[in-house]
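Topology and contacts: notes
Listed here are the chains, written in short residue letters.
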Amino acid sequence: MLVTGHTGFKGAWLSLWLHALGAELTGVGAAPPSRPSMYELARVGEGVSERRLDIRDADALSAALTAADPEIVLHLAAQPLVRRSLRDPATTYAVNVMGTVNVLEAVRRAGSSVRAVVVVTSDKCYANDPPGRRLTEQDPLGGRDPYSSSKAGAELVAAAYRESFFSGDGAPRLATARAGNVIGGGDWGEDRLLADSVRAVETHSPLRIRNPNAVRPWQHVLNPLSGYLRLARELHGGGDVASAWNFGPADGDARTVGWIVGRLGELWDGALDWELDDRANPPEAAHLELDSSRAERELGWRAALNLEEALGLVVAWHRARIDGADMRAVSLEQIAVFSQAAAAT
Ligand SMILES: NC(=O)c1ccc[n+]([C@@H]2O[C@H](COP(=O)([O-])OP(=O)(O)OC[C@H]3O[C@@H](n4cnc5c(N)ncnc54)[C@H](O)[C@@H]3O)[C@@H](O)[C@H]2O)c1
């Protein structure tokens, strides 16, 4: 298997999980996006064959993919931040749109080995206009900021490659996955609520929140990752699943930012203070909710961890880090907890 973005928050959890499952794994991507990082703390590089490269470099990417000779490609590498996309739209489009083209070109050129490709985009790829409905895979694509529209762009690229190159007999099968607002231990991304809350606790400063009334489909990172793996397995097995898929939280887990902050305050035993951030904020949908019933029905996927369990795991992970625990072991234990929950659903 080959994972792009294995040094990132989601890619690191995915790579650790795949390694624990015994996968032969190549990780392709740039340096970890933060310090500290899930990648370093959980020693994700152990047991993974790594290629550090920029996915904008089509030739290097193609050479790495050909050398790895994977059967399954999971594409997660991206510039994933809205505010950064407003500061640097050109790089965001280059990495997220042309980077996706380069990954699919590398697959197309490699020809032989690859049987399944999952391109990870985002719930922000939808136009979501007017907001308030639960979005299905049939809803129009859009995006009012460069990050969101770059993810809609990646969706369009993937759809065109599927139609043009990946639909014949023996061709690789390609699906896209749309999930959002994932939370989990080990995320230090800029402007992410949970990451900001951990920074606030560690530095004894108040958490600055942008929009306490915004509703987001929060879920534990392992929920959508299990969806990506299920999708990859079905694609690889020849199932009729080469299309776009939503992986959102369970009903009732789309909560306001204010609710999350209140609950985190309780879990941190009062060690988290917050204040309103009155800096100019990027335009963001007040309400974003996904309908994942198709994944439930056709892939048998469920959001195995609910929000309460997810928040508990995040705080437990960061408490363990503060206490100096072995974070690879802690992360593997949390993967085991997830697997038990998934088996029970
Ligand atoms: N975290 C979320 O809440 C969320 C929500 C929706 C979608 N996503 C998507 O999931 C994927 C992973 O997100 P994440 O939260 O792990 O992000 P992250 O910033 O933690 O990790 C991004 C990864 O991409 C790599 N990368 C970035 N630019 C690169 C380049 N030019 N060349 C090679 N590698 C590059 C980084 O090195 C890193 O490994 C992204 O596609 C993101 O858009 C994330």
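Residues numbered from 1 in each chain as written. Predicted model: local features only at pLDDT ≥ 70, side-chain atom pairs only at ≥ 80, totals over all residues. Heavy atoms only, no water.

1. Here we look at the overall build of the chain
The criterion, for reference: Here a strand is any run of E in DSSP of at least two residues, a helix any run of H or I of at least four, and the numbering for each starts at the N terminus. As a reference, a globule follows 2.2 Å times the number of residues to the power 0.38, and the radius of gyration itself is taken over C-alpha atoms. A simple rule labels every residue: compare its accessible area, found with a 1.4 Å probe on the protein chains alone, to the largest value its type can have, and call it buried under 20%, exposed over 50%, or partly exposed in between. Accessibility throughout is a Shrake-Rupley quantity obtained with a 1.4 Å probe, and a residue counts as covered only by protein chains that appear here. Under the convention used here, Asp and Glu are negative, Lys and Arg are positive, and both His and the chain ends fall outside the count. A charged residue contributes its charge at one atom only: NZ of Lys, CZ of Arg, CG of Asp or CD of Glu.
On a plain count of helices and strands, the chain comes out with 12 helices and 15 strands. For 345 residues, the compact-globule estimate of 2.2 N^0.38 gives 20 Å, and the C-alpha radius of gyration of the chain, at 19 Å, lies within 12% of that figure. C-alpha atoms of the chain, sized along the principal axes, occupy 60 × 45 × 40 Å. Scored against the burial criterion, the 345 residues of the chain give a buried share of 55%. Carbon and sulfur atoms form 49% of the exposed surface of the chain, whose accessible area is close to 14100 Å². Charge-centre separation for the chain: the mean point of 36 positive side chains lies 2 Å from the mean point of 44 negative side chains.

2. Some details on the sheet that holds strand β1 (residues 2-4)
What counts here: Whether two strands pair comes down to DSSP finding at least two bridges between them. Where helices are involved, their axes are fitted lines through C-alpha atoms of the stretch in contact, as for all axes, and angles between N-to-C directions lie from 0 to 180°. The criterion used for residue contact is that any of the two residues' heavy atoms lie within 4.5 Å.
With respect to topology, seven strands assemble into an open sheet ordered β3-β2-β1-β4-β5-β7-β12, the strand pairing being parallel. The open sheet has two edge strands with one neighbour each: β3 (49-52) and β12 (244-246). With direction set aside, neighbouring strand axes in the sheet form an average angle of 20°. Where strand β7 (residues 173-178) meets β12, three bridges bridge the pair, whose relative direction is parallel. Looking across to β12, one finds that alanine 177 is bridged to tryptophan 245. In the packing of helix α3 (residues 58-68) onto the sheet, the strands contacted are β1, β2 (26-29), β3 and β4 (72-75), and the crossing angle to β2 comes to about 175°. The sheet contacts of helix α6 (residues 146-164) involve β5 (116-120), β7 and β12, and relative to β7 the element is tilted by about 160°.

3. Brief notes about the site of the ligand
We count it as follows: The nearness test applies per residue and asks whether one of its heavy atoms lies within 4 Å of the molecule or strand. For this analysis, a polar contact is any N or O atom pair within 3.5 Å, provided that within protein one partner can donate a hydrogen and the other can accept it, and provided that sequence-adjacent residues contribute only side-chain to side-chain pairs. Under the scheme applied here, ten amino acids are nonpolar (Ala, Val, Leu, Ile, Met, Phe, Trp, Tyr, Cys and Pro), four are charged (Asp, Glu, Lys and Arg), and all others, including Gly, are polar.
In the region of the ligand, 28 residues are neighbours, and Thr7, Lys10, Tyr147, Lys151 and Arg192 sit closest. Phenylalanine 9 is positioned such that a nitrogen or oxygen atom in its backbone is 2.8 Å from an oxygen atom of the ligand. One of the backbone nitrogen or oxygen atoms of lysine 10 is found 2.8 Å away from an oxygen atom of the ligand. In the complex, 92% of the free accessible area of the ligand, which totals 820 Å², lies under the protein chains. Among the elements of the structure, α1 (9-20) and α6 are those that each provide at least two residues to the shell around the ligand. Its residues assigned to classes, the shell around the ligand shows 15 nonpolar, eight polar and five charged.

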